[in-house]
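Structural overview
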Amino acid sequence: MSERTTITWIGHASVAIEHDGVKLLFDPVVRWRMAHLRRRTSVPRASIAECDAVFVSHAHHDHLDLGSLRRVRRAASNDVRWFAPRGAATVLERAGFQPVTRMTVVDETRVGALRIIAVPAAHGGDRSGLRRDEAGAEAVGFVVERSDGLRIWFAGDTDLDASLEGVGSVDVALVPVGGWWRTLGPGHMDGERAARSLELVGARIAIPIHWGTYHPIGLYRAMRRVWHDPARAFERAAPLGVDVRVLDPGESITIGALPSR
């Protein structure tokens, strides 16, 4: 019987990956309001319930939100394992999340039958309250590998950079294509640049994330006209042969066995 993995886009950069009775959450940010941002969609409780491990890519507030992580912890009946790079791990520990396993690039761990590897991300990891000399403020991505060799890349937040060649060849790519406003600062990819990143990793299936979920309070009408633009641009620019799946927040796809390359 072939292996089957369910991937759920929760919204923004938040993703759930479920395989063989194990649930992993990546950068779960699920509150209605986060600082000056408001969420436009609800979060199904099932998408964050009963997770076994949480992986945080970096310490920025839209990827590491302590209120959201407390919701995840309350929704679990078991002990959740926490994984994060330097900087983000310090934030988690100070907030009482224990134990936290630090992961830097090439570090790996196992949760159930899945192998998870920290991979490069071209993005800053600073956060107010962190001293660079004590925390190192790092950003990483993660690759989830099944026992049959299928590899899923959760990019977290990254720019298009040669360092992404360190991700290696993947089958499924979860890549950031936008943000919470019409413009993006350094360390991010728009839809076109995210599409070019697929060529670096040889992805066969791609899911755009980090778009169309949060908007500045009071600007709902202005943002509604452009919410889907990053995903549409990504879909148009994707390399020939890549199967792009544009999901709505809360929507899932299931990945079974893929043909040999």
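Just so it is clear, the model here is predicted, and its values are computed rather than measured. Starting from 1, residues in each chain are numbered consecutively following that chain's sequence as written. Local features are withheld for residues below a pLDDT of 70 in this predicted model, meaning they are given only at 70 or higher, and side-chain atom pairs are given and counted only at 80 or more; totals for whole chains, interfaces and linings count all residues. For side-chain calculations, the full set of non-hydrogen atoms in the structure is used, while hydrogens and water are omitted.

This part covers the overall build of the protein. The helix and strand labels rest on DSSP assignments: H or I over at least four residues marks a helix, E over at least two residues marks a strand, and numbering proceeds from the N terminus. Check the secondary structure of the protein and you find seven helices and 17 strands. The globule rule used for comparison is 2.2 Å times the number of residues to the exponent 0.38, while the radius of gyration itself is calculated over C-alpha atoms. Relative to its length of 261 residues, the protein is compact, with a C-alpha radius of gyration of 17 Å against a globular reference of 18 Å. Across the 261 residues in the protein, those meeting the buried criterion constitute 57%. Should any heavy atoms of two residues lie within 4.5 Å, those residues are considered in contact. Across the protein, every contact between residues at least 6 apart in sequence was considered, and the portion connecting residues at least 24 apart equals 70%. Classification of residues uses two cut-offs on accessible area relative to the type maximum, computed with a 1.4 Å probe and protein chains only: under 20% is buried, over 50% is exposed, and between them is partly exposed.

With that out of the way, let us pick up the pairing of strand β9 (residues 108-111). Of the two faces of β9, the one holding Thr-109 and Val-111 is buried and the one holding Glu-108 and Arg-110 is not buried anywhere. Two strands make a pair as long as DSSP finds a minimum of two bridges between them. For β9 and strand β10 (residues 114-120), the ladder comprises four bridges, and the chain directions are antiparallel. Counted as the bridge partner of Arg-110 is Arg-115 from β10. Hairpin geometry of β9 and β10 is characterised by an intervening segment of two residues between the two adjacent antiparallel strands and by a positive phi of about 60 degrees at Gly-112.

What follows concerns helix α5 (residues 191-201). In an α-helix there are 3.6 residues to a turn, and that puts residues three or four apart on one side. Every buried residue of α5 is accounted for by Gly-191, Ala-194, Ala-195, Ser-197, Leu-198 and Val-201. Buried residues of α5, viewed axially, fall in a sector of 150 degrees; they line one side. Buried residues along α5 sit in contact with β12 (151-154), β13 (172-176), β14 (205-209) and α7 (229-237). Of the residues flanking the start of α5, the one acting as N-cap is Asp-190, its side-chain oxygen 3.3 Å from the backbone nitrogen of Glu-192. One or two steps after α5, the chain reaches Gly-202, where phi turns positive at roughly 65 degrees. The directions considered for the arc are those from the helix axis to the C-beta atoms. Residues adjacent in sequence count toward polar contacts only when both atoms are side-chain atoms; beyond that, a polar contact is any pair of N or O atoms within 3.5 Å, and within protein one must be able to donate a hydrogen and the other to accept it.

Let us now look at α7. Along α7, the residues that are buried comprise Pro-230, Ala-231, Ala-233 and Phe-234. Looking straight down α7, one finds that the buried residues subtend no more than 160 degrees of arc, so they occupy a single side. Those residues of α7 that are buried lie in contact with β13, α5, β14 and β16 (243-244).

It is worth spelling out the sheet that holds strand β5 (residues 37-39) at this point. The strand order across the open sheet built from three strands is β4-β5-β15, with neighbouring strands paired in antiparallel fashion. Looking at which strands have only one partner, the edges of the open sheet turn out to be β4 (33-34) and β15 (214-216). Bridging between β5 and β15 involves three bridges; their strand directions are antiparallel. Directly across from Leu-37, in β15, lies its bridge partner Pro-216.

With that settled, the discussion passes to the packing of aromatic side chains. The geometry of an aromatic ring pair is captured by two quantities: the separation of the ring centres and the angle between the planes. Two rings from Phe, Tyr or Trp (for Trp, the six-membered ring) form a pair when their centres are within 6.5 Å of each other. A pair whose planes differ by under 30 degrees is stacked, one over 60 is edge-to-face, and the rest are tilted. Inspection of every chain in the model, using the stated rule, returns seven aromatic pairs. Ring centres of Phe-26 and Phe-55 lie 5.2 Å apart, and the angle between their planes is 20 degrees; on these two criteria the pair is classed as stacked. Linking Phe-26 in strand β3 (residues 22-26) with Phe-55 in strand β6 (residues 53-55), this pair joins segments that are 29 residues apart in sequence. Each member of the pair, Phe-26 together with Phe-55, is buried. When the centroid spacing of 4.6 Å and the interplanar angle of 10 degrees are considered together, the rings of Phe-55 and Phe-83 count as stacked. Taken together, the residues Phe-55 in strand β6 and Phe-83 in strand β7 (residues 81-84) connect sequence positions 28 residues apart. Judged by its relative accessible area of 1%, Phe-83 falls in the buried class. The structure contains a cluster of three or more aromatic residues connected by ring pairs, namely Phe-26, Phe-55, Phe-83, Phe-142 and Phe-154.

One water molecule sets the probe size; rolling that probe over the atoms shows where empty space is left. Any residue with an atom within 4 Å of a point lines the site, the site being either a cavity, points on a 1 Å grid over the protein atoms alone where a 1.4 Å probe fits but cannot get out, or a pocket, an open set with protein on both sides within 12 Å along at least 5 of 7 lines. Grid points are joined across faces, edges and corners, and a volume is the space filled by probe spheres set on the points. Looking at the largest pocket, its volume works out to about 340 Å³. Taken together, the residues of the lining of the largest pocket break down into seven nonpolar, eleven polar and four charged. Estimated volume of the second largest pocket: approximately 210 Å³. Residue polarity follows a fixed list, in which Ala, Val, Leu, Ile, Met, Phe, Trp, Tyr, Cys and Pro are nonpolar, Asp, Glu, Lys and Arg are charged, and the others, Gly among them, are polar. A per-class count over the lining of the second largest pocket returns ten nonpolar, five polar and three charged.

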